[in-house]
Amino acid sequence: MKTIGLIGGMSWESTQTYYRLVNQHVRTALGGLHSARVVLYSADFAEIEALQHQGNWQATAEILAAAVSIPLLHIADATAQVLQRQGIACVGLLGTRFTMEQAFYQLARKTSYF
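Residues numbered from 1 in each chain as written. Predicted model: local features only at pLDDT ≥ 70, side-chain atom pairs only at ≥ 80, totals over all residues. Heavy atoms only, no water.

Draft legend 1. Molecular detail of the overall build of the chain. Counting its secondary structure elements, the chain contains 6 helices and 2 strands. When the helices and strands of the chain are read in sequence order from the N terminus, they spell out β-α-β-α-α-α-α-α. Burial analysis of the chain (114 residues in total) assigns 15% to the buried set. For the chain, the share of sequence-separated contacts (at least 6 apart) that also reach a separation of at least 24 residues comes to 55%. Accessible surface computed for the chain: about 9100 Å², of which carbon and sulfur atoms make up 59%. (Helix = DSSP H or I, 4+ residues; strand = E, 2+ residues; numbered from the N terminus. Buried < 20%, exposed > 50% of the residue type's maximum accessible area, 1.4 Å probe, protein only. Contact = heavy atoms within 4.5 Å. Areas by Shrake-Rupley, 256 points an atom, 1.4 Å probe, with all protein chains shown as cover.)

Draft legend 2. The confidence of the model for the chain, seen in detail. Across the chain, the average pLDDT comes to 83, with 89% of residues at or above 70. Confidence scores differ between elements of the chain, with helix α6 (residues 103–110) showing the lowest mean pLDDT of 55 and helix α1 (residues 12–30) the highest of 94. (pLDDT = per-residue confidence, 0-100.)

Next comes the structure, spelled out in structure tokens:
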């Protein structure tokens, strides 16, 4: 089994969901007591939240940037692929005020991937 890297969500609460789901999938696929081999990175959300309130998006981006030279699977890309395969053209996004008000999500709302 290969080792995967997991860049956590904005908080440990969302990261635990990703970690649990990955391990449940591995257990279902391999059975028994199998679990995923994972290297996990999780940011300190207090730092990010403070920068968001300051409007310091550059510093936020520097903390969150995943500058790696290995294949990277973004949750939004994987979600879009599943939606396309299932023929779903309209979805909703629930998020914090910062998530919902930032320009990149506003642009996505107006953009069709289909």
